[in-house]
Amino acid sequence: MCTAIYSGVIQGKGPDEPQNGCVNVIELDKNRISAIERVDVSLWNNLIFQVSVDGAISDSDIINRIKLECPNSFIFEHDTLRIELVGEYDFRFSPNLNYVTAETRKLFDGYEITVKNYSSPKLDREALISDPSVAGVLYRRLFTDPEIVDAYPESVRTRAFNLSLKALVGDDIDPENI
């Protein structure tokens, strides 16, 4: 019987590689694998927390939710944290991701923090039909103009509306989420 050790992934590089590092200990018996054991060798954890922004009306509201949902302390000194904002916020508000990230970094001083926005505005269709703002005009064009309604599925028109709202308020649009 002999033992082989295969390095596997020693450590994920950050919150975008959340797997814990490990080595694989492989027992061989008569040139056949008799056992494989994964041994955790992580020097830090790459933690991911999803924070719901359902109904949020301000950046402070989102930051307060992050305070409630995420732990105050981590296991290792060099743990990394990725916070994923999910759900639907009020369409009249758009999260300022740069501000939310900066404030979150202050909360978790000393840790590498990444905030990703996977949330979208909750459409109040009745309010948007009569809304005189650019958002209302865009909504009416995308959702009531027969030429556009017939040409594009609702999922495409909703995504176009959400991205347009983000662009209108100057939010960064992550190409990975288009």
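Residues numbered from 1 in each chain as written. Predicted model: local features only at pLDDT ≥ 70, side-chain atom pairs only at ≥ 80, totals over all residues. Heavy atoms only, no water.

Asker: Describe the confidence of the model for the protein, with residues and values.
Answerer: Per-residue confidence for the protein averages 80 on the pLDDT scale, and 76% of its residues sit at or above 70. Element-level mean pLDDT values for the protein span from 62 in strand β1 (residues 2–6) up to 94 in helix α5 (residues 146–151). (pLDDT = per-residue confidence, 0-100. Helix = DSSP H or I, 4+ residues; strand = E, 2+ residues; numbered from the N terminus.)

Asker: Describe in detail helix α4 (residues 134–144), supporting the description with residues and values.
Answerer: Within α4 the residues assigned to the buried category are Ala135, Gly136, Tyr139, Leu142 and Phe143. Along the long axis of α4, the arc covered by the buried residues comes to 135°, so they all point the same way. (Buried < 20%, exposed > 50% of the residue type's maximum accessible area, 1.4 Å probe, protein only. Arc of directions from axis to C-beta.)

Asker: Please give an account of the environment of arginine 157 that cites residues and values.
Answerer: Secondary-structure assignment places arginine 157 in helix α6 (residues 154–168). The buried category is assigned to arginine 157, whose relative accessible area is 8%. Each C-alpha atom, one on arginine 157 and one on arginine 141, is 9.9 Å from the other, the two residues being 16 residues apart in sequence. Every residue in contact with arginine 157, bar those within four places of it in the chain, is listed here: Leu142, Phe143, Ile148, Val149 and Tyr152. Polar contacts involving the side chain of arginine 157 include one to the main-chain carbonyl oxygen of leucine 142, which spans 3.1 Å. Engagement of the side chain of arginine 157 in a polar contact is seen with the backbone oxygen of tyrosine 152, the distance being 3.0 Å. (Contact = heavy atoms within 4.5 Å. Polar contact = N/O pair within 3.5 Å; in protein donor to acceptor, adjacent residues only side chain to side chain.)

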